[in-house]
Amino acid sequence: MHRTYENDDIAVFWDSEKCRHAHKCVEGSPKAFSPMRRPWIDLGEADTAEVWQAIDECPSGALSCVYKHDIRVEYDESNCRSVAYDGESRIRECDFQETPDGCVIYHTEVRPAYGNKGIAKRLVYKIVEEAERQKKAIIPTCSYAAKILG
Ligand code: SF4
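Reading guide: rules and limits
Residues numbered from 1 in each chain as written. Predicted model: local features only at pLDDT ≥ 70, side-chain atom pairs only at ≥ 80, totals over all residues. Buried ≥ 20, exposed ≤ 12 C-beta atoms within 10 Å, placed from the backbone. Helix = DSSP H or I, 4+ residues; strand = E, 2+ residues; numbered from the N terminus. Arc of directions from axis to C-beta. Contact = placed C-beta atoms within 7 Å. Core = buried A, V, L, I, M, F, W, Y, C linked by C-beta atoms within 7 Å. Domains from an automatic or database assignment. Near = placed C-beta within 6 Å. Nonpolar A, V, L, I, M, F, W, Y, C, P; charged D, E, K, R; others polar.

Let us now look at helix 2 (residues 48-56). Along helix 2, the positions that sit buried rather than exposed are Val51, Ala54 and Ile55. Within helix 2, the buried residues cover an arc of 100 degrees as seen down the axis, which keeps them to one side. Seen from the open side of helix 2, the exposed residues pointing more than 90 degrees away from its buried face are Ala49 and Gln53. Against the buried residues of helix 2 lie strand 2 (10-15), helix 1 (24-28) and strand 3 (63-67).

We now examine the nonpolar core. Grouped together as the largest cluster of nonpolar side chains are 35 residues, with contacts concentrated most on Val12, Ile55, Ile105, Val124 and Ile127. Every element with two or more residues in this core is listed here: strand 2, helix 2, strand 3, strand 6 (89-99), strand 7 (102-108), helix 3 (119-133) and helix 4 (143-149). Considering each element in turn, this core owes the most residues, eight residues, to helix 3. Here this core spans two domains, and each of domain 1 (2-67) and domain 2 (71-149) adds at least three residues to it. Among all residues touching Ile105, those that are not within four sequence positions of it are Cys94, Phe96, Val124, Ile127, Ile138, Pro140, Thr141, Cys142 and Ala145.

As a matter of local geometry, the ligand sits amid Cys19, Arg20, His21, Ala22, His23, Lys24, Cys25, Cys58, Pro59, Ser60, Ala62 and Leu63. Here the shell around the ligand is built from residues that sort into seven nonpolar, three polar and two charged.

The structure is reproduced here in C-alpha coordinates:
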(Lines give C-alpha, C1' and ligand atoms only; values in the text may rest on other atoms or scores of the structure.)
Protein backbone atom coordinates (compact mmCIF):
# COMPACT_ATOMS: atom_id res chain seq x y z
CA MET A 1 0.00 0.00 0.00
CA HIS A 2 1.23 3.48 -0.90
CA ARG A 3 0.02 6.62 0.81
CA THR A 4 0.88 10.32 0.83
CA TYR A 5 0.33 12.56 3.85
CA GLU A 6 0.73 16.32 3.65
CA ASN A 7 0.85 19.51 5.63
CA ASP A 8 1.47 22.99 4.25
CA ASP A 9 5.22 22.34 3.96
CA ILE A 10 5.90 18.72 3.13
CA ALA A 11 4.52 15.58 1.52
CA VAL A 12 5.34 12.30 3.29
CA PHE A 13 5.29 9.03 1.34
CA TRP A 14 4.74 5.66 2.99
CA ASP A 15 5.20 2.27 1.32
CA SER A 16 3.71 -0.37 3.64
CA GLU A 17 5.49 -3.24 1.89
CA LYS A 18 8.88 -1.86 2.91
CA CYS A 19 7.87 -1.05 6.50
CA ARG A 20 9.64 -3.30 9.02
CA HIS A 21 7.89 -1.81 12.06
CA ALA A 22 11.09 -0.74 13.80
CA HIS A 23 9.05 2.23 15.11
CA LYS A 24 11.87 4.76 14.76
CA CYS A 25 9.29 7.10 13.28
CA VAL A 26 6.98 6.79 16.31
CA GLU A 27 9.84 7.48 18.70
CA GLY A 28 11.04 10.43 16.62
CA SER A 29 7.70 12.18 16.18
CA PRO A 30 4.87 10.63 18.21
CA LYS A 31 2.43 13.35 17.18
CA ALA A 32 2.88 12.52 13.51
CA PHE A 33 3.22 8.73 13.72
CA SER A 34 0.90 6.65 15.88
CA PRO A 35 0.08 3.00 15.11
CA MET A 36 -2.93 3.31 17.47
CA ARG A 37 -4.64 5.81 15.16
CA ARG A 38 -6.23 5.78 11.70
CA PRO A 39 -4.75 7.18 9.61
CA TRP A 40 -1.61 6.33 11.48
CA ILE A 41 0.25 9.31 10.00
CA ASP A 42 -1.19 12.75 10.77
CA LEU A 43 0.97 15.81 10.15
CA GLY A 44 -1.56 18.30 11.50
CA GLU A 45 -0.09 18.80 14.98
CA ALA A 46 3.47 17.77 14.24
CA ASP A 47 6.53 19.94 13.79
CA THR A 48 7.84 19.65 10.24
CA ALA A 49 11.51 19.59 11.24
CA GLU A 50 10.82 16.85 13.79
CA VAL A 51 8.93 14.78 11.20
CA TRP A 52 11.76 15.18 8.73
CA GLN A 53 14.28 14.04 11.32
CA ALA A 54 12.12 11.01 12.24
CA ILE A 55 11.86 10.01 8.60
CA ASP A 56 15.64 10.19 8.29
CA GLU A 57 15.79 7.52 11.01
CA CYS A 58 13.51 5.07 9.18
CA PRO A 59 15.71 2.01 8.58
CA SER A 60 13.71 0.46 5.76
CA GLY A 61 13.09 3.29 3.30
CA ALA A 62 9.33 2.88 3.85
CA LEU A 63 9.10 6.59 4.63
CA SER A 64 10.36 9.48 2.55
CA CYS A 65 9.39 13.11 2.23
CA VAL A 66 9.81 16.19 0.06
CA TYR A 67 9.12 19.88 0.46
CA LYS A 68 6.04 20.89 -1.50
CA HIS A 69 7.39 24.24 -2.73
CA ASP A 70 3.77 25.43 -2.99
CA ILE A 71 3.22 22.96 -5.83
CA ARG A 72 -0.28 21.47 -5.85
CA VAL A 73 -0.89 17.93 -7.11
CA GLU A 74 -4.37 16.79 -8.16
CA TYR A 75 -5.92 13.58 -9.43
CA ASP A 76 -7.75 14.09 -12.74
CA GLU A 77 -9.71 10.88 -13.24
CA SER A 78 -11.66 11.99 -16.32
CA ASN A 79 -8.41 12.62 -18.22
CA CYS A 80 -6.58 9.60 -16.73
CA ARG A 81 -3.77 11.59 -15.20
CA SER A 82 -2.43 13.39 -12.15
CA VAL A 83 -1.40 16.98 -12.60
CA ALA A 84 0.97 19.36 -10.79
CA TYR A 85 0.25 23.08 -10.68
CA ASP A 86 2.38 26.07 -9.78
CA GLY A 87 -0.35 28.61 -9.13
CA GLU A 88 -2.65 28.21 -12.14
CA SER A 89 0.14 26.97 -14.39
CA ARG A 90 0.22 23.24 -15.20
CA ILE A 91 3.84 22.20 -14.83
CA ARG A 92 3.84 18.40 -14.91
CA GLU A 93 1.64 15.40 -15.33
CA CYS A 94 1.62 11.64 -15.04
CA ASP A 95 -0.62 9.63 -17.35
CA PHE A 96 -2.27 6.25 -16.98
CA GLN A 97 -4.55 3.96 -18.93
CA GLU A 98 -7.22 1.63 -17.61
CA THR A 99 -6.81 -1.87 -19.03
CA PRO A 100 -8.39 -5.25 -18.19
CA ASP A 101 -5.13 -6.10 -16.39
CA GLY A 102 -5.05 -2.97 -14.27
CA CYS A 103 -3.91 0.63 -14.22
CA VAL A 104 -0.96 1.14 -16.60
CA ILE A 105 1.19 4.17 -15.71
CA TYR A 106 2.89 4.87 -19.02
CA HIS A 107 4.20 8.44 -18.94
CA THR A 108 5.62 10.89 -16.42
CA GLU A 109 6.50 14.26 -17.87
CA VAL A 110 9.44 16.03 -16.26
CA ARG A 111 10.18 19.69 -16.98
CA PRO A 112 13.78 20.47 -16.01
CA ALA A 113 12.90 23.81 -14.40
CA TYR A 114 10.92 21.90 -11.76
CA GLY A 115 13.34 19.02 -11.33
CA ASN A 116 14.60 17.57 -8.04
CA LYS A 117 11.57 18.69 -6.05
CA GLY A 118 9.89 15.29 -5.74
CA ILE A 119 6.96 16.40 -7.90
CA ALA A 120 7.07 13.34 -10.15
CA LYS A 121 6.93 11.08 -7.10
CA ARG A 122 3.89 12.92 -5.81
CA LEU A 123 2.25 12.52 -9.22
CA VAL A 124 2.93 8.77 -9.36
CA TYR A 125 1.74 8.23 -5.77
CA LYS A 126 -1.47 10.13 -6.50
CA ILE A 127 -2.38 7.63 -9.23
CA VAL A 128 -1.19 4.58 -7.30
CA GLU A 129 -3.17 5.51 -4.18
CA GLU A 130 -6.37 5.86 -6.18
CA ALA A 131 -5.79 2.58 -8.04
CA GLU A 132 -5.14 0.79 -4.74
CA ARG A 133 -8.33 2.19 -3.21
CA GLN A 134 -10.20 0.80 -6.24
CA LYS A 135 -8.34 -2.52 -5.81
CA LYS A 136 -6.76 -2.32 -9.25
CA ALA A 137 -3.40 -3.78 -10.15
CA ILE A 138 -0.70 -1.23 -10.96
CA ILE A 139 1.45 -1.76 -14.02
CA PRO A 140 4.21 0.85 -14.34
CA THR A 141 5.59 0.87 -17.88
CA CYS A 142 7.01 4.37 -17.40
CA SER A 143 10.59 3.86 -16.22
CA TYR A 144 10.32 6.59 -13.59
CA ALA A 145 7.15 5.14 -12.08
CA ALA A 146 8.73 1.68 -12.12
CA LYS A 147 11.77 3.02 -10.25
CA ILE A 148 9.61 4.69 -7.59
CA LEU A 149 7.50 1.61 -7.08
CA GLY A 150 10.36 -0.89 -7.31
S1 SF4 B 1 10.59 3.75 11.10
FE2 SF4 B 1 10.15 3.06 8.99
S3 SF4 B 1 10.23 0.83 9.12
FE4 SF4 B 1 9.97 1.62 11.21
S5 SF4 B 1 7.74 1.66 11.60
FE6 SF4 B 1 8.33 3.69 10.86
S7 SF4 B 1 7.96 3.52 8.64
FE8 SF4 B 1 8.05 1.41 9.37
